[in-house]
Structures are given as C-alpha cells and as structure tokens.
Amino acid sequence: MHERSRSDGATILVAGEAGDTPEVIRGKLGGPGTAAPFRVALDDGMPKTTGAPLDALAVFSPMALRRYGSDLSPGGTLILDSAGFTPAALSAAGYERDPRNALRRAGFRLISINVSALAEGVCHAGPGSAGLHRTLWTLGLLLALHEHDTAASEAWVAARIGGEQAALDALRAGHAFAGTARLAPVWHDRSRDAEPFSPGTWRKVDGARALAFGLAAGAQDLGLDPLLAACASGPGGDLLAAMNDLGPAAGVRCLDADDAGAAMAAALGASFAGAIGIAATFGADTVRAGGALGLAVACELPLVSVCVQRPGPASGLPAGTAQADLFWALHGRTGDCPCPVIAVRSPAHAFSAAREAVRLAVAHMTPVILLCDALAFEGTEAFRIPDLPPASPRTPAQTLSGAVQPFARDPRTLARPWAVPGTPGAAHRTGGLEQQDADGTLLNDPDNHARVTALRQDKLTLIGEREPEADLVSGTGDGEILLVGWGASFAAIADAAAGLRAAGLDVAHLHLDLLVPLPRGLTALVASFRHVLVAEMNAGQMLHVLRAATLVDAHPVTRTDGRPFCAQDIEMAVWSQVKGDAA
C-alpha cells in the first residue's frame, strides 16, 4: 500500500477564519486570534495528529499565514486564498510587503488561487455558509494533490453536516480543480517510519472519548459505578457527552454542574456514597475546584480530577493548547495537601492513563489529578481496543465487616477503609476538621496533625516505590543528550530524538507520565547525561520540578503561544545547545 504514486503519512492544516470551523475565538476578520485551524492526517499506517509536522498548509488570510507558517515543513505545499491577501489584510497582519515571492524563494510549493471566488461559484452560498464551503473546497484540493479520493470526507460531511448538497459540491469541486488546473500531485514517503497496526480491533478515537472509555473501564475493573460532574461548556461538555454515550448500561451517571467547584463537590459526594467520583475542569474555572479537592484529600476519599489544560492565566486562549496547570496540580490547594498526578501523552494513551488514575485512587484512598492538555484531548489517534477482564463484583461495603475504625490504615497501601453510608458498624463523621488517626474522632491536637500530614506524604512515597522505575522511551543511558517531556509533547519529542540520532547525535528521550510522585531512579538516570533539556508547552514548570528533585542543571525548551511543538522546534533547540557547548 505504499506505491510512489500516492502520498503516505501526510499531515495538512487548513487555517480559516472565525466561523469556518467550530470552537474558535470570534473576532474581527483578519485580526489576531481569528485563525481557526483543523488538521487532517492522510496515512496508510497508524495515524497520529498530535505534534505531527505539516506537509501542507492552506491559509485564507495573512494572519493565518503568520500564525501557522512556521509549522510548515521545508519544501511543503502552501495554498493561499488570494482574495484574502489584500493590502489592508497584509498591513493588519504586520506584513510590510506581500510575502508570496519570499515564500517561493524559500523553496515552498506555493499555490495562490482565489479560493473564495471558486467556492462561491460552485455553491452560491450565503454569508453564513461561505466560510465552510471555502474550507471544504480547499480540503478537496488537498486530497487531490495527495492522490486521495473524497469518499471518507463525504461520509464525514454527511455525518456532521447532514449531507448538505452545497457542502458536498464544494468538496468535489476542489478535488476536480486539481485535475482541471493540471496541478502535479505531492508525494511524501513516510511509509518506512509508519508504525504498523498490530493484530486486533482498531478504531479512531479522540482524547475525550478515550478518557471516557478509560474512566468507565477503571470503574468496571473494581465493580464501581462512575459519576462524572462537569460544566457543560467547553471541554467539560465533550467529556460529558462521551460519558453519557456509554449510558446506564455501563453504570455511568453524568451531572451538568454550574462550575468547577460544584463539579468537584458533587464528585466528592459520589465518592463518599460509594461510587467513583470524577470531576472535569478547564481554564480559569479549575481554580474553583481547589477547595473541594483539598477536602477530598483531608477525607481520604477516592476521586479523579480531570484537568484539561489550555493557555492562561484566567480564560487565556480557549482554542489553544498548553501544559500550564502543572503548578496548580502540585500546589493549588491550601496547606500540605499532596495527591498523585498523572499526565496524558496522546489521545489513545488517555484510556490507560484514566484507568490507572481510577486504580490508584481506590487502591490508596486518595484523589488523583489527571492532566490532559487540549492537544491530546481534542486530537485523534488510532486506538487498539484492549481485552478487559470481567467486571469485579466487589463493592466498598462488601470489603468491611464488624466494627470499623474509619481511619485505621492498611499497612500495604496506607489506605483507610471505604466505609460507605449504610455499612453496618461503619457509621462515622468526616469533613474538613482534623480527625484522630485510626478512630476518626474530631481532635484539635498538633501532634495528631503532624502525624496525619506525614502519613499522607508517606502514601505518595509508597506509590512511588510500587510504580515502575524511570525508563527511557528511546536511546541509551549514560549518553550525551537527554530530552525530557511530559504530556502531549510526546510525539514531537520522539520525532525530534529520532531525527537527531539520524544526524549523528547521541540523544535519548525520557517521558514522565506519573508526575507525583516522580518515578524511582530518576535522579541517577538524569544525572548520567551531559545535557538535559526539558521540552514543555509552558514557561518551564517541569523544569523547576526536575531541577529541585534531581539538582541537575537542566535547560528549558518552552512554547507559550498556544500551539503544539513540532519536532523542528526541539531539534533547533538541541543544536543550539550543542553549538553553544562547543563554542
């Protein structure tokens, strides 16, 4: 399936304007923040859209070109809608002169055509649909340039837009234009690097749906019913919809909360009642969840807090991605209030990360924070459906018998009993006031507070001792350069490490999924490298954590513009570090 006559492994981006695609920042046309992107992967192997370099880029305005042009691979295909490149639009985007000649000299394949007029000529659409039809016309052209037919895209249009004839006409017209204008096809040979599909049942999954699958599967493993509470706007609504699709047959309950604080409180109540409470937060609303999450730590109840990260502070860039909430996950509660933190590295990985979060929460009777940046939450990836064990019939009440001391701990996990309401002999009070270790009596005693604080920290230490040691994704230890990452920077770092090794550098890749506690052996592993670079989509939060934990002088590779890393960004940072060291 990898003939030279077709394009394998191409990733294209269509950057339109506000209104062309859903979930964009509304603003003045042609002004900052109005570019509305979506990615399309054309690949015979395993598709991965997170962090993939762009082989083709379509832009309808100079502002979109300025924002996304740097992501295009050298020699890539660039389609410009000439109708949008007016002198006023160029000036608004900060261009002193038309950039098209410079782009041609830079080696890009530039196709400058009046997309708006061509799409309007086919569809005769009103103002409300013109942007959508222009986008679909461009998608059809890009499919033709990469020698793909429109069948899959037509099915998508039928499912998402109801099979609107004008939308289908636009898609087909753009596809036909490539032949009419005799535009030569594009070919990208990435078939040798494509990860093959292993035997099994596969499906495409986005991060929200993979999280829903993982949370439900984790609850099913333990014989529990999950309750998800979230605000229905933004990412919370996507996760609510995905969980709601699983329905009562999977024991799933969903609650539309007013804000993150209400969602966390509802999830905490569900956990107290014997379900596994899950709260989803995003953006500035996440801060409101801190009080109820701190109460969950004090009560030592199992709960999963899903935090979808985007650039802040406050509402920040709603359409952007970031890894900006690590410090909140570590310190966003009053007092000494530790709990485990897990990061999602890709859409498909969200399933196993969510399932592990539920397992840790119940095994150690603690809240667990699950960090998922918007890139992994909204991106898509091939997902192999795993073979799951039968659901456990166990419920919290069945694990207890006789008189129960609510804070008597299991020495193997330091977990207290999960004494749900209605359990004979397990009546007790719990809340934010200090309680005596073991019997749970309300007690205002400094020594008891110190003892309980130490026990909660010891619980994290115990988790770290039982989890796998720090291990490299690629490369070997005792090397020259170590790239450290977490979250959805995984794909970009992995591609960069592979490219740098191909160029002759000794580069290894370490990716952290469990962020609190950090894995065993981390200090020794990191200290064995001469250069350590931490790549993350924030101003250097993991860098500070790693420096404090290992005392290694790591160097930052950061991005804070709301866009994901490309492998080229990281490769350039490594070469700069190497050249600076040589000088």
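## Re the packing of aromatic side chains
Part 1: As enumerated under the stated definition, the model contains two aromatic pairs in all.
Part 2: Their ring planes at 55 degrees and their centres at 5.2 Å tell us that Trp 137 and Phe 177 sit as a pair that is tilted. Separated by 40 residues along the polypeptide, Trp 137 in helix H5 (residues 127-145) and Phe 177 in helix H7 (residues 165-180) bring together distant segments of the chain. The exposure classification of Trp 137 matches that of Phe 177, with both residues buried.
Part 3: Centre to centre, the rings of Phe 351 and Phe 383 are 5.3 Å apart; their planes meet at 55 degrees, and the pair counts as tilted. One end of the pair, Phe 351, is in helix H13 (residues 349-364); the other, Phe 383, is in strand E13 (residues 380-384), and 32 residues separate them in sequence.
Part 4: Given a relative accessible area of 8%, Phe 351 falls into the buried group.
Part 5: With relative accessibility at 7%, the residue Phe 383 sits in the buried group.

## Re the side chain of His 349
Part 1: By the secondary structure assignment, His 349 is in helix H13.
Part 2: Excluding residues that lie within four positions of it along the chain, His 349 makes contacts with Ala 343, Val 344, Glu 381 and Asp 513.

## Some points on helix H10 (residues 260-272)
Part 1: An ideal rise of 1.5 Å per residue puts 18 Å on 13 residues; H10 measures up with 18 Å between its terminal C-alpha atoms.
Part 2: Three or more residues of H10 are buried, namely Ala 260, Gly 261, Ala 263, Met 264, Ala 267, Leu 268, Ala 270 and Ser 271.
Part 3: Residues of H10 that are buried sit in contact with strand E7 (226-230), strand E9 (276-282), helix H11 (290-299) and strand E10 (303-309).
Part 4: Structurally, the start of H10 carries an N-cap: the backbone nitrogen of Gly 261 is 3.1 Å from a side-chain oxygen of Asp 259.
Part 5: Immediately downstream of H10, the backbone of Gly 274 shows phi near 110 degrees, a positive value.

## Considering the nonpolar core
Grouped burial of nonpolar side chains is what soluble globular proteins tend to show.
Part 1: Leu 211 and Leu 370 are the most contacted members of the largest nonpolar core, which has 121 residues in total.
Part 2: Judged by nonpolar contacts, the second largest core, of 26 residues, contains Ile 113, Leu 136, Leu 139 and Phe 177.

## Notes on H7
Part 1: For H7, built from 16 residues, the straight-helix expectation of 22 Å at 1.5 Å per residue is met to within 8% by its first-to-last C-alpha distance of 22 Å.
Part 2: When H7 is considered as a whole, its buried residues turn out to be Ala 166, Ala 167, Leu 168, Ala 170, Leu 171, Ala 173, Gly 174, Phe 177 and Ala 178.
Part 3: One or two steps after H7, the chain reaches Arg 182, where phi turns positive at roughly 55 degrees.

## Focus: the packing of helix H8 (residues 207-221) against H13
Part 1: At their nearest, the axes of H8 and H13 sit 7 Å apart, and the two run at 35 degrees to each other. The element H8 and its partner H13 pack so that their crossing is right-handed. Of the residues in H13, those in contact with Gly 207, Ala 210, Leu 211, Phe 213, Gly 214, Leu 215, Ala 217, Gly 218, Ala 219 and Asp 221 of H8 are Ala 350, Phe 351, Ala 354, Arg 355 and Val 358.

## Focus on the packing of H8 against helix H9 (residues 235-246)
Part 1: Contact geometry for H8 and H9: axes closest at 8 Å, N-to-C directions at 50 degrees. Regarding the angle of H8 to H9, the classification is oblique. Seen from above, H8 lies across H9 with right-handed handedness. Where H8 approaches H9, its residues Ala 208, Arg 209, Leu 211, Ala 212, Phe 213 and Ala 216 are matched on the opposing element by Asp 238, Leu 239, Ala 242, Met 243, Asp 245 and Leu 246.
Part 2: When grouped by side-chain class, the residues that make up the contact of H8 with H9 number nine nonpolar, no polar and three charged.

## Let's talk about the sheet that holds strand E14 (residues 472-474)
Part 1: Strand order across the open sheet formed by five strands is E14-E16-E15-E18-E19, with mixed pairing between neighbours. Only two strands of the sheet have a single partner each, and these edge strands are E14 and strand E19 (555-558). In this sheet, adjacent strand axes meet at a mean angle of 30 degrees when their direction is disregarded.
Part 2: Packed onto the sheet, helix H18 (residues 541-550) meets strand E15 (481-486), strand E16 (507-512), strand E18 (531-536) and E19 and runs at close to 145 degrees relative to E18.

Conventions we followed
- Residues numbered from 1 in each chain as written.
- Predicted model: local features only at pLDDT ≥ 70, side-chain atom pairs only at ≥ 80, totals over all residues.
- Heavy atoms only, no water.
- Phe/Tyr/Trp six-rings, centres within 6.5 Å; stacked < 30°, edge-to-face > 60°.
- Helix = DSSP H or I, 4+ residues; strand = E, 2+ residues; numbered from the N terminus.
- Buried < 20%, exposed > 50% of the residue type's maximum accessible area, 1.4 Å probe, protein only.
- Contact = heavy atoms within 4.5 Å.
- Expected span 1.5 Å × (residues − 1).
- Polar contact = N/O pair within 3.5 Å; in protein donor to acceptor, adjacent residues only side chain to side chain.
- Core = buried A, V, L, I, M, F, W, Y, C linked by side-chain atoms within 4.5 Å.
- Axes fitted to C-alpha atoms, helices over the stretch in contact; angles between N-to-C directions.
- Left-handed = near helix turned anticlockwise from the far one by under 90°.
- Parallel < 35°, antiparallel > 145°, perpendicular 65-115°, else oblique.
- Nonpolar A, V, L, I, M, F, W, Y, C, P; charged D, E, K, R; others polar.
- Pairing = 2+ DSSP bridges.

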